[in-house]
Amino acid sequence: FYVTLANGRLLEGVPPREESGESYFYSDVCFENPTVYCNTLMPGHREVVASWYLTPERLAKETVWVTLAYVLALVAIVPRLLCPIDVKVGAKSLRPHAAISLVSMACLALQTYYKVFDPSAYPNKVFFLVMPCNITWIVNFLLGVAPLSNVIRHSMIQFLLSFQVLVWAVFASADTADLKGPYEVEFFWVNHVLLLIPPFYYLLTGKVSTFKGLEKSPFLEVVNFFQWVVFSCAVTGVIYFGFVTPMSLYSLLNLNYMLSPPPGTGLEGENYRLISQVLIAGGFCVGRGIMVVVELCIFKMRKKKE
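From a predicted model like this one, the values you see are computed outputs, not experimental measurements.

Peer 1: I would appreciate a short explanation of the state of the cysteines in the present structure.
Peer 2: Each disulfide consists of one covalent bond between the sulfur atoms belonging to two cysteines. Counted under the stated rule, the structure contains one disulfide. Between the sulfur of Cys 30 and that of Cys 38 lies a disulfide, 2.0 Å long from S to S. Taking the sign of the torsion about the S-S bond as the criterion, the disulfide between Cys 30 and Cys 38, at about 105°, is right-handed. For the residue pair Cys 30 and Cys 38, the accessibility class agrees, reading buried in each case. With no disulfide of its own, Cys 133 lies closest to Cys 107 among cysteine sulfurs, the gap being 9.3 Å.

Peer 1: Would you explain the pattern of salt bridges in this entry?
Peer 2: Side chains carrying opposite charge are able to pair once their charged atoms draw close together. Counted under the stated rule, the structure contains four salt bridges. Arg 58 is the partner of Glu 62 in a salt bridge, and the nearest nitrogen-oxygen pair spans 3.0 Å. In this pair, Glu 62 and Arg 58 are both assigned in helix H2 (residues 56–81), four residues apart and thus about one turn of the helix distant. According to the relative accessible area criterion, Glu 62 is buried, its value standing at 7%. Judged by its relative accessible area of 21%, Arg 58 falls in the partly exposed class. Here Arg 273 makes a salt bridge to Glu 62, at a shortest N to O gap of 2.6 Å. Residue Arg 273 is found in helix H10 (residues 272–305), and its partner Glu 62 is found in helix H2; the two are separated by 211 residues along the sequence. Neither Arg 273 nor Glu 62 differs from the other in exposure class; each is buried.

Peer 1: I tried to follow a nonpolar patch on the surface on my own but got confused; where do I start?
Peer 2: Together, Val 64, Trp 65, Leu 68 and Leu 72 make up an exposed nonpolar region whose accessible area comes to about 440 Å². Tracing the backbone shows Trp 65 in helix H2.

Rules and cut-offs
Residues numbered from 1 in each chain as written. Predicted model: local features only at pLDDT ≥ 70, side-chain atom pairs only at ≥ 80, totals over all residues. Heavy atoms only, no water. Disulfide = S-S within 2.5 Å. Buried < 20%, exposed > 50% of the residue type's maximum accessible area, 1.4 Å probe, protein only. Salt bridge = Lys/Arg side-chain N within 4 Å of Asp/Glu carboxyl O. Helix = DSSP H or I, 4+ residues; strand = E, 2+ residues; numbered from the N terminus. Patch = residues over 30% accessible without salt bridge, like charges linked within 9 Å, V, L, I, M, F, W, Y side chains within 5 Å. Areas by Shrake-Rupley, 256 points an atom, 1.4 Å probe, with all protein chains shown as cover.

Treat this as a map of the structure, not an account of what it does.
Have a look at this one:
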């Protein structure tokens, strides 16, 4: 199935790349059936070419079993989290300010332009709308305009409080090699700076809390903390293993590094996708922990004002 999905066009391993200053010269084959040489691809396309870094059999089994494990985790944990009494439905609207919806729509529109209509857009670049930054904008946009209950909005915001760490990671290790449009790199950075705002907005306005309730026991707060981490990991895993991996094979692009590891990070080997899940879980714990500290600071400042 996976070989058919990729049309038998992918090569084993990642095609090598020669570097000379800021220019790249490719003389290797990037696709088969028919043969396509790397030096004939549009600028930026070579950096994201899909390949059989893992064998089709390993990729298929890993994708199916990891997706299944995450689905089972969601089935087990969602009933514990989507509890109206904890969300206090009707007490406060969780719909964000209209400005966040407008900024989300504007950023998604510009992303779509660069990936579809800009002359520098290589084939299927639109599939990169599944990258974490765009998923974050999509969630923020839906929070503002979709007819959702407070219970669903609450779970989506809690997801963002953990998922935010993937946006932060960009500032430590950004990959802009395929951004060739006019001012696309500049927009990349503006886009990610704007993404820092919504999670803090939700905490500052008191729309959600990282705590189950200040009157609850510390043990229940720890349980609540890790339940939302598991929920966020499971949602992320279902998205990227269950949907983005097949999309990568269909588009012949290495979307979010689901087919081969990011270069220069030290993350490599046949277990790199499983190791990345452990790293993401740890990152979600750190990111959510930072949100907890931020909320505690907000709580203390409000107490002082009182």
